[in-house]
Structures are given as C-alpha cells and as structure tokens.
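# Survey of secondary and tertiary structure
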Amino acid sequence: MRGARLVTLGGLVRLVHPFPILLDGLATLAFAFIAGAVPATAVRLGLAMLCLQASIGVLNDLFDAPRDACSKPGKPIPAGLVSPAVARVVFVAAAGTGLVLATPSGPWLVALGGLVLSVGYAYDLFAKGTVWSWLPFAIGIPLLPVFGWYGATGSVPAPFAILLPAAVAAGAALAIANARADMERDGQAGLISIAIRLGSRRAWAVGAVLLVMVAVVALGSLWLAAAPEVALGASLGAALLLVAGLALGRSSSARRRERAWEIQAIAVAALGAAWVWGIGRPG
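Computed from a predicted structure; not experimentally measured. All residue numbers refer to positions counted from 1 along the written sequence of the respective chain. It should be noted that, the model being predicted, local features are given only for residues of pLDDT at least 70 and side-chain atom pairs only at 80 or more, the latter also being counted only at that level, while totals for whole chains, interfaces and linings use all residues. Hydrogens and waters are ignored; side-chain quantities use all the structure's heavy atoms.

### What about the overall build of the protein chain?
For the record, the criterion: Starting at the N terminus, helices and strands are each numbered in turn, a helix being any DSSP run of H or I of at least four residues and a strand any DSSP run of E of at least two. When we talk radius of gyration, it's over C-alpha atoms, and the globule rule is simply 2.2 Å times the number of residues to the 0.38. Partly exposed describes any residue whose relative accessible area lies between the buried limit of under 20% and the exposed limit of over 50%, with all areas from a 1.4 Å probe on protein chains only and scaled to the type maximum.
Assigned secondary structure in the protein chain consists of 12 helices and 0 strands. Listing each helix as α and each strand as β along the protein chain from the N terminus yields α-α-α-α-α-α-α-α-α-α-α-α. Taking 19 Å as the expected radius of gyration for a compact globule of 283 residues, we find that the protein chain reaches 19 Å, a close match to that expectation. Based on the C-alpha atoms only, the size of the protein chain along its principal axes is roughly 60 × 45 × 25 Å. Within the protein chain, buried positions represent 50% of all 283 residues.

### Describing the packing of helix 2 (residues 18-34) against helix 3 (residues 39-71)
The packing of two helices is summarised by the inter-axis angle and the distance between the axes. Our working definition: Convention adopted: a line fitted to C-alpha atoms gives each axis, helices being fitted over their contacting stretch, and angles between N-to-C directions are expressed from 0 to 180 degrees. Angle categories are assigned with fixed cut-offs, so that under 35 degrees is roughly parallel, over 145 is roughly antiparallel, 65 to 115 is roughly perpendicular, and the rest are oblique. Less than a right angle of anticlockwise turn of the near helix away from the far helix marks a crossing as left-handed, whereas a clockwise turn marks it as right-handed. Contact between two residues is taken to exist if any of their heavy atoms lie within 4.5 Å; hydrogens are not considered. All amino acids are sorted into three groups, where Ala, Val, Leu, Ile, Met, Phe, Trp, Tyr, Cys and Pro are nonpolar, Asp, Glu, Lys and Arg are charged, and the leftover types, Gly among them, are polar.
Close contact between helix 2 and helix 3 brings their axes to 8 Å; oriented N to C, the two are set at 150°. With respect to their mutual orientation, helix 2 and helix 3 come out roughly antiparallel. Seen along the crossing, helix 2 lies across helix 3 with a hand that is right-handed. Along the contact surface, helix 2 presents I21, L22, D24, G25, T28, L29, A32 and F33, while helix 3 presents P39, A42, V43, L45, G46, M49, L50, Q53 and A54. Looking at the contact of helix 2 with helix 3, its residues break down into 12 nonpolar, 4 polar and 1 charged.

### A short note on the environment of A208
Mapped onto the elements, A208 comes out in helix 10 (residues 200-224). Placed 180 residues apart in sequence, A208 and T28 show a C-alpha to C-alpha distance of 25 Å.

### Section: the environment of F19
You can see F19 is positioned in helix 2. Sequence separation between F19 and I266 is 247 residues; the distance between their C-alpha atoms is 9.8 Å.

### What about the pattern of salt bridges?
What counts is decided by this rule: Each salt bridge in this description consists of a side-chain nitrogen of Lys or Arg and a carboxyl oxygen of Asp or Glu lying within 4 Å of one another.
Following the criterion strictly, the structure yields 8 salt bridges and no others. Between K75 and D68 there is a salt bridge, and its shortest N-O distance comes to 3.9 Å. Note on D68: relative accessible area 3%, which makes it buried. Note that R259 and E262 form a salt bridge whose closest N and O atoms lie 2.9 Å from each other. Within this pair, R259 and its partner E262 are both found in helix 12 (residues 254-280), separated by 3 residues, close to a single helical turn. Members of the salt-bridge network, linked through shared partners, are D61, D68 and K75.

### As for empty space enclosed by the protein
Going by this rule: Only protein atoms enter the 1 Å grid, on which a cavity is a set of points fitting a 1.4 Å probe that cannot get out and a pocket is an open set with protein on both sides within 12 Å along at least 5 of 7 lines, lining residues being those with an atom within 4 Å of a point. Grid points are joined across faces, edges and corners, and a volume is the space filled by probe spheres set on the points.
Summed over all chains, the structure comprises 1 cavity of 30 Å³ or more. Within this model, the largest cavity holds a volume of roughly 90 Å³. Lining the largest cavity we find 15 residues, and of these A177, R180, W204, G249 and Q264 sit closest to its centre. Those elements giving two or more residues to the lining of the largest cavity turn out to be helix 7 (160-181), helix 10 and helix 12. Of all the elements, helix 7 adds the most residues to the lining of the largest cavity, at 5 residues. Residues belonging to the lining of the largest cavity are distributed by class as follows: 10 nonpolar, 3 polar and 2 charged.

### Concerning the side chain of K75
Tracing the backbone through its elements, the reader meets K75 in the loop between helix 3 and helix 4 (84-102). Judged by relative accessible area, K75 falls into the buried class, the value being 15%.

### Overview of the nonpolar core
The following threshold applies: The criterion is simple. A nonpolar core is a set of buried Ala, Val, Leu, Ile, Met, Phe, Trp, Tyr and Cys residues joined through side-chain atoms within 4.5 Å.
Grouped together as the largest cluster of nonpolar side chains are 75 residues, with contacts concentrated most on V58, A87, Y121, F147, L211, W275 and V276. When near neighbours in sequence (up to four residues on either side) are disregarded, A87 contacts L15, V58, L62, I77 and V82. In this structure, A179, M183, I194 and A203 belong to the second largest nonpolar core, which totals 6 residues.

### Observations regarding the environment of L125
Of note, L125 is situated in helix 5 (residues 107-127). Its relative accessible area of 31% is what places L125 among the partly exposed residues. When sequence neighbours within four positions are dropped, the list of residues in contact with L125 reads L59 and F63.

Following this line, the structure appears as structure tokens:
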C-alpha cells in the first residue's frame, strides 16, 4: 500500500462510493416527498441517508485496504489518494452528520439511523464476500422507505405490509448481482461469496426470479388497487429497466455485470417510489 501524500477530491468522492449513496439518498428523499414532507424536510432526510451510507462505504474501504492493495490497487486508500487517517475522520463525521440530520424527526428516527449503520457495518466487517452477503442487503433495502416515510410523518402506512417483504427480496437479489460483479476478484482473494457458492448461472437465475417476483407483486398490487395510470406507467417502465439490467447481467464481462447491478438498483428504487406513489401516498 502506497503512503498517501495528498488527499484529492476525486479520491474522497470514490472513498464514499458515490453511486450507492446518491441512489439511497435520492430514494429516501423521494419516499419522504411522496409521504407529504415539505421540500426542506425531504432534502434533510435524503442527506441524512446519504451521510449514513457514506460512512458505511468508507468503513468498507478502510477494512478492505490491506486486501485491496493486492487485488484493487487503484482504490483510493491503496492508491495513496486518501490516507487511512483522513478516511477514519470521514467515516466518523459522515455517521455523526447523518444522525444529527435525523434528529429533528425524533429519537425513533435516530434509532433507525443507528440500525442502518449497524446493518451496513455488519456487511462491511462480516458478511461481504461470504455466503451471507445477501442478508444485510435484504434487511437494509426495506429501511430506505421506512426511514423516508417515518421521518416525514412519524408513522408507517398499512400498505407497507406489501412493500417491505418485496423490498427484502429485492435486497437479496441486488446483493447477489453485486457479488456476481466481483466473482473473479473474490475468487482470487480466496473468498466464498454467495455468487461463488451458487455459481454464476445459478446466481443469476436466483436473482432474476426474485426480481421478477418483486415486479409482478408491484404491478399486480397497483392494478388491483386501481392506482393512477401514471403510477402504473412508471412502475411498468421501471420493470422494463429491471429486465434490461437482468439481460445485461448475463454477460461474462465483470464490467458489464457491475453496470447491470447498478441498472437493477436504479430500477428497484424507481419501482419502489412508483409503487409508494400509487398505493402508499396519503389520500
């Protein structure tokens, strides 16, 4: 691992894993806004989730730094773009900022923010690269709509009884897709991820079945509830994007599989927001 002689803006951005934190922050903002939060509150809740997820991302890189020095030397810490000391400061500051931003919505939301951190840290320290990597995703994804909605209203609507189990399935599927993107590197590092344990084809099939089930439940429940046509159309568009991500995920290229799981993550977030808009929104 090279010594860090400087801290670069690009290194800091990469350190916090910009794609997932922005997606999670925007999803939380959308859920809060749909719940009826004023824009300032929705933005605050979105930023809170972004900061919490940033802390999780930084811990991931801190914990993996010794291994990344061999398998991923271009990452910010082994590349010397950000020192471990600076990364530790960002890790603590991001977590603290996220919890402070949650505070105006009450102690229960702060506790929920602590749960988000706990689940993410458990993934970083224990589950990543193992057959259990799907579990933190399955727990963590449903926390996004709960955090956004509860932060806006102080309660969770009854239709979430449908949304949350579907979100568990979606989280597990996204974890499998994420693990498939790293199969070669994990194999070289001697890790036995859920994707390696299942095998590439079976892992893709399991993820596809879970995501198709999620899409069917979302579209079916919207149709049965006579949801607005706009919500149905948005959900259908998200479902089609999901299919595109699944198709791309069959590639033998690790880069394409990584793009595929990102597309799937965007589609799941869009599908969740469209579903909440169509069924869970205040009357």
